[in-house]
Amino acid sequence: MPIAPNTTFNQYEIIAPLGKGGMGEVYLARDTRLERQVALKILPLDFTQSHDRLRRFEQEAKTVSALNHPNILTIHEIGAQNGTHFITTEFIAGQTLRDRLQQPLSQSEAIDIALQIAHALAAHEDDVERLEVEAREAHEDGDRRPLLHLPVDGARRGQHGGE
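Given the structure is predicted, the values throughout are model-derived calculations rather than measurements.

A. Broad picture of the confidence of the model for the protein chain. Put simply, the protein chain has an average pLDDT of 80, and 80% of its residues get 70 or more. Predicted confidence in the protein chain is weakest over strand β8 (residues 146-148), with a mean pLDDT of 70, and strongest over strand β4 (residues 36-42), with 94. Of the regions scoring below 50 in pLDDT, residues 154-163 engages in 22 contacts with residues more than four places distant in sequence or in other chains.

Here it is, written out as structure tokens:
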């Protein structure tokens, strides 16, 4: 169910919808406490009705939020309001890596993107059990720095996320 602009959700004021996917709806929001823009993802109800899946989601969010790398998206908060669960991350004003890859890349640009992603993953290879990084889940900021959205979806290696 879409949230209208100017609606307040917890301490977040909704500015505009950014997208929708299997993991919920994403909005550009303003954190009224810290006075910054964030990406606010509202998790789907069917996802949050599974206590086990929600517990795994929260554990993965804690793991990913402990990672510190300039090419890994920062998680600010996970929470719930009136039974609706959400996650907030830094907002990246830029295009998805998938969109960027639709444009011609020079060899040096392709190598630079690949190296930045590899360094981000290698820096925390022991901290993350399962990685399914997709180009649609990564963004480039204004400086063309790729930022990875590491998976926080309640699924682990050897288990299926579609409970």
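Once the structure has been displayed, the description carries forward.
B. Quick look at helix α4 (residues 107-123). Given a rise of 1.5 Å per residue, 17 residues ought to cover 24 Å, and the 24 Å separating the end C-alpha atoms of α4 matches this to within 8%. Listed in full, the buried residues belonging to α4 are Ile-113, Gln-116, Ile-117 and Ala-120. Looking straight down α4, one finds that the buried residues subtend no more than 90° of arc, so they occupy a single side. Turned more than 90 degrees away from the buried face of α4, the exposed residues are Gln-107, Ser-108 and His-119.

C. How the structure looks around the pattern of salt bridges. Under the defined criterion, the tally for this structure stands at four salt bridges. Between Arg-100 and Glu-109 there is a salt bridge whose closest N-O contact spans 3.0 Å. Take Arg-100: its relative accessible area is 2%, and that puts it in the buried class. Through salt bridges with shared partners, a single network forms among Asp-52, Arg-55 and Arg-56.

D. Fine view of the side chain of Gln-116. Mapped onto the elements of the fold, Gln-116 is located in helix α4. Residue Gln-116 is classed as buried on the basis of its relative accessible area, which comes to 18%. Beyond its immediate sequence surroundings of up to four residues, Gln-116 is in contact with Asn-71, Arg-144, Arg-145 and Pro-146.

E. Structural context of the sheet that holds β4. Pairing in this open sheet of six strands is antiparallel, and the strands run β1-β2-β3-β4-β6-β5 from one edge to the other. Both outer strands of the open sheet, β1 (8-9) and β5 (75-81), are each paired with one neighbouring strand and no more. Looking at chain direction, β4 and strand β6 (residues 84-90) are connected through five bridges and run antiparallel. Each bridged residue has a counterpart across the sheet, and for Lys-41 the counterpart in β6 is Ile-87. Strands in contact with helix α2 (residues 51-65) are β5 and β6; relative to β5, the strand with the most contacts, it is inclined by about 155°.

F. Geometry of the nonpolar core. The biggest cluster of nonpolar side chains holds 10 residues, and these are Ile-3, Phe-9, Tyr-12, Ile-14, Tyr-27, Ala-29, Val-38, Leu-40, Ile-42 and Phe-86. Mapped onto this core, the elements with two or more residues apiece are β2 (12-21), β3 (24-31) and β4. Sort the elements by how many residues they give to this core and β4 lands first, with three residues. Excluding residues within four positions of it along the chain, Ile-3 makes contact with Phe-9, Ile-14, Glu-25, Tyr-27 and Ile-42.

G. Structural view of the pairing of β3. For β3, the buried fraction is high: seven of the eight residues fall into the buried class. As defined by bridge partners, β2 adjoins β3 across eight bridges and the pair is classed as antiparallel. If you follow Ile-14 over to β3, its bridge partner there is Ala-29. Hairpin remark: β2 followed by β3, antiparallel, with two residues in the connecting loop. The turn joining β3 and β4, which pair antiparallel and follow one another in sequence, is formed by four residues; a positive phi near 50° is taken by Glu-35.

H. Seen up close, the packing of aromatic side chains. Scanning the model with the defined rule gives three aromatic pairs in all. Taking 5.9 Å as the distance between ring centres and 70° as the angle between the ring planes, the aromatic pair formed by Tyr-12 and Phe-86 counts as edge-to-face. Residue Tyr-12 is located in strand β2, and its partner Phe-86 is located in strand β6; the two are separated by 74 residues in the primary sequence. Ring geometry for Phe-47 and Phe-57: centres 5.7 Å apart, planes at 85°, overall edge-to-face. Here Phe-47 is found in helix α1 (residues 45-48), whereas its partner Phe-57 is found in helix α2, with 10 residues between them in sequence. Every member of this aromatic cluster is reached through a ring pair, and the members are Phe-9, Tyr-12 and Phe-86.

Conventions used here
- Starting from 1, residues in each chain are numbered consecutively following that chain's sequence as written.
- Confidence filtering applies because this is a predicted model: local features only for residues at pLDDT of at least 70, side-chain atom pairs given and counted only at 80 or more, and all residues used for totals across whole chains, interfaces and linings.
- With hydrogens and water stripped out, all remaining heavy atoms of the structure feed into the side-chain values.
- Note on scores: pLDDT gives the predictor's confidence for each residue, bounded by 0 and 100.
- A run of H or I in DSSP becomes a helix once it reaches four residues, and a run of E becomes a strand once it reaches two; helices and strands are each numbered from the N terminus.
- When checking whether two residues touch, look at their non-hydrogen atoms; a contact exists if any pair is within 4.5 Å.
- Here a helix's expected span is defined as the number of its residues, less one, multiplied by 1.5 Å.
- Summary of the burial criterion: residues with accessible area below 20% of their type's maximum are buried, those above 50% are exposed, and those between are partly exposed, where the area comes from a 1.4 Å probe applied to protein chains only.
- Arc, as used here, means the arc of the directions from the helix axis to the C-beta atoms.
- Each reported salt bridge corresponds to a side-chain nitrogen of Lys or Arg within 4 Å of a carboxyl oxygen of Asp or Glu.
- Two strands qualify as a pair provided that DSSP identifies no fewer than 2 bridges between them.
- Convention adopted: a line fitted to C-alpha atoms gives each axis, helices being fitted over their contacting stretch, and angles between N-to-C directions are expressed from 0 to 180 degrees.
- Throughout this description, the term nonpolar core refers to a set of buried Ala, Val, Leu, Ile, Met, Phe, Trp, Tyr and Cys residues connected via side-chain atoms within 4.5 Å.
- We call Phe, Tyr and Trp rings a pair once their centres come within 6.5 Å, taking the six-membered ring for Trp, and we label the pair stacked below 30 degrees between planes, edge-to-face above 60, and tilted otherwise.

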